[in-house]
Amino acid sequence: MPEGDVVYRTAGRLRRALDGRTLTRSDFRVPRYATADLTGRTVLETVSRGKHLLTRVEGGLTVHTHLRMEGSWRLAPAGRRTPVGDRGDLVRLVLANAEWQAVGVRLGMVDLLRTDQEDRVVGHLGPDLLGPDWDPDEAVRRLLAQPGRTIGEALLDQRNLAGIGTIYRAETLFLSKVSPWRPVEAVQDVRGLVEIARRLLEANKERVERTTTGDLRPGRDMWVYGRAGRPCLRCGGRISRGEMGPQPQERLIHWCRRCQPE
């Protein structure tokens, strides 16, 4: 599931393959940009912003993509087929140069906009947990702006802080010993909770095998996420599973009722 750490790594892979090189092919397979052509333009830089990717090219243009739940970027040497080829209804975007091709598969969002208008797609985001502009004070301020909201819903709101998904939400709350159902105003140390989230993403941003426990063995790499009905690694109680948020935007949540009392 792509969260801030996965998007951060993806941006790094795209940078190594595309930045500083001239595009020999651009193929937008979304109706709105079907006629767009970036061939001949040099890719200037690729950066992540929370769960968003921004690929900036010559001429003041930015390609904005979002992986959503199932999206990915597949890289391969130029001329070589990727695992899905570069055909089919799964492919949304192809960017290629003389050395590499990047194939965007099942991308949740694809936009082409002026670089000076990037705020149209990422301006609503809160501080990026893995960004150079990370501001914990601002993240705390945004969380506290809705004191009656559950902390589980508030953490997943990218307008408060960008990069957390269902995995890091569950793990952050467990390590903070806070129930996801607790109102923000009842959380004693919001700043400490935010810093735990930051540390978890930082620890995993360069590794493919994600872990929050420090143990990569199957079933022991996460404290609570994906462990519904199994014994808590801390207290031995059963891990609970539920859904949070208004329909149809509800999202999965895992927690330990003993370690995270309401």
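Calculation criteria
- Residues numbered from 1 in each chain as written.
- Predicted model: local features only at pLDDT ≥ 70, side-chain atom pairs only at ≥ 80, totals over all residues.
- Heavy atoms only, no water.
- Pairing = 2+ DSSP bridges.
- Helix = DSSP H or I, 4+ residues; strand = E, 2+ residues; numbered from the N terminus.
- Axes fitted to C-alpha atoms, helices over the stretch in contact; angles between N-to-C directions.
- Contact = heavy atoms within 4.5 Å.
- Phe/Tyr/Trp six-rings, centres within 6.5 Å; stacked < 30°, edge-to-face > 60°.
- Polar contact = N/O pair within 3.5 Å; in protein donor to acceptor, adjacent residues only side chain to side chain.
- 1 Å grid on protein atoms, 1.4 Å probe; cavity = no way out; pocket = protein on both sides within 12 Å on 5 of 7 lines; lining within 4 Å.
- Points joined across faces, edges and corners; volume = space filled by probe spheres on them.
- Nonpolar A, V, L, I, M, F, W, Y, C, P; charged D, E, K, R; others polar.
- Buried < 20%, exposed > 50% of the residue type's maximum accessible area, 1.4 Å probe, protein only.
- Core = buried A, V, L, I, M, F, W, Y, C linked by side-chain atoms within 4.5 Å.
- Parallel < 35°, antiparallel > 145°, perpendicular 65-115°, else oblique.
- Left-handed = near helix turned anticlockwise from the far one by under 90°.

**What about the sheet that holds strand β1 (residues 25-28)?**
Read from one edge to the other, the open sheet built from 4 strands follows the order β1-β6-β7-β5, with strand pairing classed as antiparallel. This sheet does not close on itself; its edge strands, each paired only once, are β1 and β5 (72-77). Taking the axes of each pair of neighbouring strands and ignoring which way they run, one obtains an average angle of 15° across the sheet. Each of β5, β6 (91-96) and β7 (100-105) is contacted by helix α1 (residues 4-18), which is oriented at about 30° to β5, the strand it contacts most.

**Digging into the packing of aromatic side chains**
Applying the stated criterion across every chain, the model contains 3 aromatic pairs. Aromatic pair Trp 181 and Trp 255: ring centres 5.6 Å apart, planes at 75°, arrangement edge-to-face. Remark: Trp 255 occurs in strand β10 (residues 251-256) and Trp 181 occurs in the loop between α5 (166-176) and α6 (190-204); sequence separation between them is 74 residues.

**Focus: the environment of Glu 99**
In this fold, Glu 99 is placed in the loop between β6 and β7. Residues Glu 99 and Leu 18, 81 residues apart in the sequence, show an inter-C-alpha distance of 8.8 Å. Those residues in contact with Glu 99, other than ones at most four positions away along the chain, are Arg 21, Ala 76, Pro 77 and Ala 78. Separated by 2.8 Å, the side chains of Glu 99 and Arg 21 make a polar contact.

**Topic: the layout of surface pockets**
As a volume, the largest pocket reaches approximately 650 Å³. Taken together, 21 residues form the lining of the largest pocket, with Lys 51, Leu 156, Asp 157, Gln 158 and Arg 251 sitting closest to its centre. Considering only residue class, the lining of the largest pocket consists of 7 nonpolar, 7 polar and 7 charged. The computed volume of the second largest pocket comes to approximately 250 Å³. Lining the second largest pocket are 15 residues; nearest its centre among them are Val 6, Tyr 8, Arg 9, Thr 10 and Arg 13. Among the secondary structure elements, those contributing two or more residues to the lining of the second largest pocket are α1 and β5. Broken down by element, the residue count for the lining of the second largest pocket peaks at 8 residues, all from α1. When its residues are assigned to classes, the lining of the second largest pocket shows 6 nonpolar, 4 polar and 5 charged.

**Comments concerning the pairing of strand β4 (residues 61-66)**
Most of β4 is tucked away: 6 of the 6 residues are buried. Residues of β4 alternate between two faces, with Leu 61, Val 63 and Thr 65 on one and Thr 62, His 64 and His 66 on the opposite face, all of them buried. With 6 bridges joining them, strand β3 (residues 52-57) and β4 adopt antiparallel strand pairing. Paired with Arg 56 across the bridge in β4 is Thr 62. Bridge count for β4 against strand β8 (residues 109-114) is 6 bridges, and the pairing is antiparallel. Its bridge partner lying in β8, Thr 62 is registered against Leu 113.

**Observations concerning the nonpolar core**
A general feature of soluble globular proteins is that nonpolar side chains tend to end up buried together. Judged by nonpolar contacts, the single largest core of 25 residues is most densely connected at Ile 151, Leu 155, Leu 161, Ile 164 and Val 194. Elements supplying a minimum of two residues to this core: α3 (136-144), α4 (151-156), α5 and α6. In terms of residues, this core owes the most to one element, α6, which gives 7 residues.

**Some words on the packing of α5 against α6**
Two elements in contact, α5 and α6, have axes separated by 9 Å at closest approach and are oriented at 125°. With respect to α6, the element α5 is oriented oblique. The handedness of the crossing between α5 and α6 is right-handed. Facing α5, whose interface residues are Tyr 168, Glu 171, Thr 172, Leu 173, Leu 175 and Ser 176, α6 presents Leu 193, Ile 196, Ala 197, Leu 200, Leu 201 and Asn 204.

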